[in-house]
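Below, each chain spelled out in residue letters.
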Amino acid sequence: MELLKKGASQLGIALSDAQLDQFEVYFRELVDWNQRANLTAITEYQEAQVKHFLDSLTVHMAAADELAGPSRVIDVGTGAGLPGVTLKIAFPGIQLVLVESVAKKTAFLEHLVAVLGLEGVTVHTGRAEVLSRDEGLRESFDLVAVRGVARLPLLLEYCLPFCKTGGKVAALKHGGDGGELAAAANALSELGGSVEKVATVLLEGLTDDRVVISIEKTAPTPERYPRRVGIPAKRPL
């Protein structure tokens, strides 16, 4: 895990040998389960270190304070546990919730959490539009992390309802930020958020104009959001 160790150091994150061993186990389990659960297209050792684990750690660029303390963190649409499980390994003091709608993937996550011996991790199978209305999850988190391919207005409708006022959303995006930030202005106004900063990722191996967008939760999200399953994608704010 030398590439991961070096890149993490550039982010100001020191990974111990024990943590690097956990990442080794994570990689092996990911490759093993990928044959039956279709978790990722990236299974080569060097590439996974950079494009999975190091990419996930770039959340630290927007949320160092939240990751340092006993914060509640939720990863929405976590897939194979990215970025959430990576953040839990690197910052074991956080309380982590993983949300994923595909049962095969949540089965992998439950297995992974057990194999890695991670404490303070809960896995939920379900859609964000439904789970964000759960009393124990809505407006409850200091940090919402999302590694999303969907456009920013859609991600915000999925994520901001989970975030407590004063907390933040950290969205990992490719391809720069300009057009998406402009398109998200209405969503931010409707959902109670504002752009805190946009950090450009300048790490070897992470191309595609990667950025980390930090959104501050400035007001409670109105009860009508998120809209029912399927509507946010069809009619983005």
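These remarks concern the structure in this document. (Residues numbered from 1 in each chain as written. Predicted model: local features only at pLDDT ≥ 70, side-chain atom pairs only at ≥ 80, totals over all residues. Heavy atoms only, no water.)

Let's shift gears to the overall build of the protein chain. For the protein chain, the count of helices and strands is 11 helices and seven strands. Taking 2.2 N^0.38 as the reference for a compact globule, 237 residues should give roughly 18 Å; the C-alpha atoms of the protein chain span a radius of gyration of 17 Å, in line with that estimate. A buried classification covers 56% of the 237 residues belonging to the protein chain. Here the contacts in the protein chain between residues at least 6 apart in sequence split such that 73% fall between residues at least 24 apart. (Helix = DSSP H or I, 4+ residues; strand = E, 2+ residues; numbered from the N terminus. Rg over C-alpha atoms; globule rule 2.2 N^0.38 Å. Buried < 20%, exposed > 50% of the residue type's maximum accessible area, 1.4 Å probe, protein only. Contact = heavy atoms within 4.5 Å.)

Moving on to the state of the cysteines. Overall, the coordinates contain zero disulfides when judged by the stated rule. Here Cys-159 is not disulfide-linked; the sulfur of Cys-163 is the nearest cysteine sulfur, at 9.1 Å. (Disulfide = S-S within 2.5 Å.)

Right, let's talk about the packing of helix α2 (residues 17-37) against helix α6 (residues 103-116) for a bit. Two elements in contact, α2 and α6, have axes separated by 11 Å at closest approach and are oriented at 155°. The angle between α2 and α6 falls in the class roughly antiparallel. For α2 against α6, the interelement crossing comes out right-handed. From α2, Gln-22, Val-25, Tyr-26, Glu-29, Leu-30, Trp-33, Arg-36 and Ala-37 reach across to α6, where they touch Lys-104, Lys-105, Ala-107, Phe-108, His-111, Leu-112, Val-115 and Leu-116. (Axes fitted to C-alpha atoms, helices over the stretch in contact; angles between N-to-C directions. Parallel < 35°, antiparallel > 145°, perpendicular 65-115°, else oblique. Left-handed = near helix turned anticlockwise from the far one by under 90°.)

Here the largest pocket is characterised by a volume of approximately 800 Å³. Lining of the largest pocket is provided by 35 residues; of these, Val-76, Gly-77, Arg-147, Gly-148 and Val-149 occupy positions nearest its centre. Counting only elements with at least two residues in the lining of the largest pocket, the list comes to α3 (45-57), β2 (95-100), α7 (128-131), β4 (141-147), α8 (152-159) and β5 (163-173). Residue composition of the lining of the largest pocket, grouped by class: 16 nonpolar, nine polar and 10 charged. (1 Å grid on protein atoms, 1.4 Å probe; cavity = no way out; pocket = protein on both sides within 12 Å on 5 of 7 lines; lining within 4 Å. Points joined across faces, edges and corners; volume = space filled by probe spheres on them. Nonpolar A, V, L, I, M, F, W, Y, C, P; charged D, E, K, R; others polar.)

A word on the nonpolar core. Residues Leu-4, Leu-15, Tyr-26, Leu-57, Val-59 and Phe-108 are the most contacted members of the largest nonpolar core, which totals 51 residues. Ranked by residues supplied to this core, first place goes to α2 with seven residues. In terms of nonpolar packing, the next biggest core, distinct from the first, is built from 31 residues, Tyr-158, Leu-160, Leu-181 and Leu-237 among them. (Core = buried A, V, L, I, M, F, W, Y, C linked by side-chain atoms within 4.5 Å.)

Residues of helix α1 (residues 2-10) that are buried include every one of Leu-4, Gly-7 and Ala-8, and no others. Relative to the axis of α1, the buried residues are bounded by an arc of 100° and lie together on one face. In this structure, α1 carries Glu-2 and Ser-9 as exposed residues pointing more than 90 degrees from its buried face. Against α2 and α3 lie the buried residues of α1. Directly after α1, the chain includes Gly-12, whose backbone phi takes a positive value near 85°. (Arc of directions from axis to C-beta.)

Before going further, it helps to examine the packing of aromatic side chains. Across all of its chains, the model carries five aromatic pairs by this definition. Taken together, a centroid distance of 4.9 Å and an interplanar angle of 40° make the contact between Tyr-26 and Phe-53 tilted. With Tyr-26 in helix α2 and Phe-53 in helix α3, this pair connects stretches of sequence that are 27 residues apart. The exposure class of Tyr-26 is buried, given its relative accessible area of 0%. (Phe/Tyr/Trp six-rings, centres within 6.5 Å; stacked < 30°, edge-to-face > 60°.)

Position of Lys-173 among the secondary structure elements: in strand β5. Along the sequence, Lys-173 and Val-85 sit 88 residues apart, while their C-alpha atoms lie 18 Å from each other. With near-sequence residues (within four places) excluded, Lys-173 lies in contact with Gly-148, Val-149, Ala-150, Arg-151, Leu-152, Leu-155, Glu-180, Asp-209, Arg-210, Val-211 and Ile-213. Within the structure, Lys-173 has its side chain in polar contact with the backbone oxygen of Ala-150 (distance 2.4 Å). Within polar-contact distance, the side chain of Lys-173 engages the side chain of Glu-180 at 3.4 Å. (Polar contact = N/O pair within 3.5 Å; in protein donor to acceptor, adjacent residues only side chain to side chain.)

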